[in-house]
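# Structure at a glance
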Amino acid sequence: SSGINAEYGDMFCGIGPFALPLARKRCHVHANDLNPESYKYLLKNIQINKIASEYITCYNQGGRELIENFTGQIDYVLMNLPASAYEFVDVFIGLYSKRQEGLKPPTVFCYHFADADAPEKKSITAISEKLGFSIIPEEVHLVRKTAPKTWMTCVRFTVPKPVLYAESQSKKKKLF
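What comes next is a walk through the structure.

## With respect to the pattern of salt bridges
Scanning the entire structure with this criterion turns up 8 salt bridges. A salt bridge links Lys40 to Glu37, with the shortest nitrogen-to-oxygen separation between them at 3.6 Å. Of this pair, Lys40 and Glu37 both sit in helix α2 (residues 36–48), 3 residues apart, which is roughly one turn of the helix. Given the relative accessible area of 44%, Glu37 is considered partly exposed. Across the pair Glu139 and Arg156 runs a salt bridge whose closest N-O atoms are separated by 3.4 Å. Here Glu139 is found in strand β6 (residues 139–147), whereas its partner Arg156 is found in strand β7 (residues 150–158), with 17 residues between them in sequence. Using a relative accessible area of 37% as the deciding quantity, one classes Glu139 as partly exposed. By relative accessible area, Arg156 is classed as partly exposed at 25%. The network of salt bridges with shared partners includes Arg64, Glu87, Asp90 and Lys130.

Okay, structure coming up:
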């Protein structure tokens, strides 16, 4: 589900460039940033922009903790930390193995810096290798060129059920 009833997890929200516009559209956003200064200005930006507290919940913890501690349905996960976000996708391995039935797999927007030679393929490969499962993205968007030989990409994919229901995160066995 998208829009008003959707639940978003913004793992690395900074001061809220994605979280605040989503909350303004009456989506419920779980906005998280580990950096205490970013968190402080996130709270300030919510106040300045008059964002209703019923649409945004803020956390000052690691991105993994946001996802691991979330117990209900999460529809979308934003991972806008292009230098290292893909390193965190393994948080989804076994995530649903001990949760209630009927949760839908989340759709992830994972930002990534990739070499300009086939950046889409390199981003998909980096994420797939970290998940231990070949993802089939719904979309790979070239966001912008950040250096002469580097692109920022955004890979949108639904976390595969075999990943979510894998035995456990600690085993991290390869699924492909």
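Next comes the rest of the write-up.
## As for α2
Across its 13 residues, α2 extends 18 Å between first and last C-alpha, which sits within 8% of the 18 Å expected from 1.5 Å per residue. Taken together, the buried positions of α2 are occupied by Ser38, Leu42 and Ile46. Each buried residue of α2 lies within a common arc of 80° when the element is viewed along its axis, so the set occupies one face. Structural note: α2 exposes Pro36, Gln47 and Ile48 on the side pointing more than 90 degrees away from its buried face.

Scoring rules and cut-offs
Residues numbered from 1 in each chain as written. Predicted model: local features only at pLDDT ≥ 70, side-chain atom pairs only at ≥ 80, totals over all residues. Heavy atoms only, no water. Salt bridge = Lys/Arg side-chain N within 4 Å of Asp/Glu carboxyl O. Helix = DSSP H or I, 4+ residues; strand = E, 2+ residues; numbered from the N terminus. Buried < 20%, exposed > 50% of the residue type's maximum accessible area, 1.4 Å probe, protein only. Expected span 1.5 Å × (residues − 1). Arc of directions from axis to C-beta.

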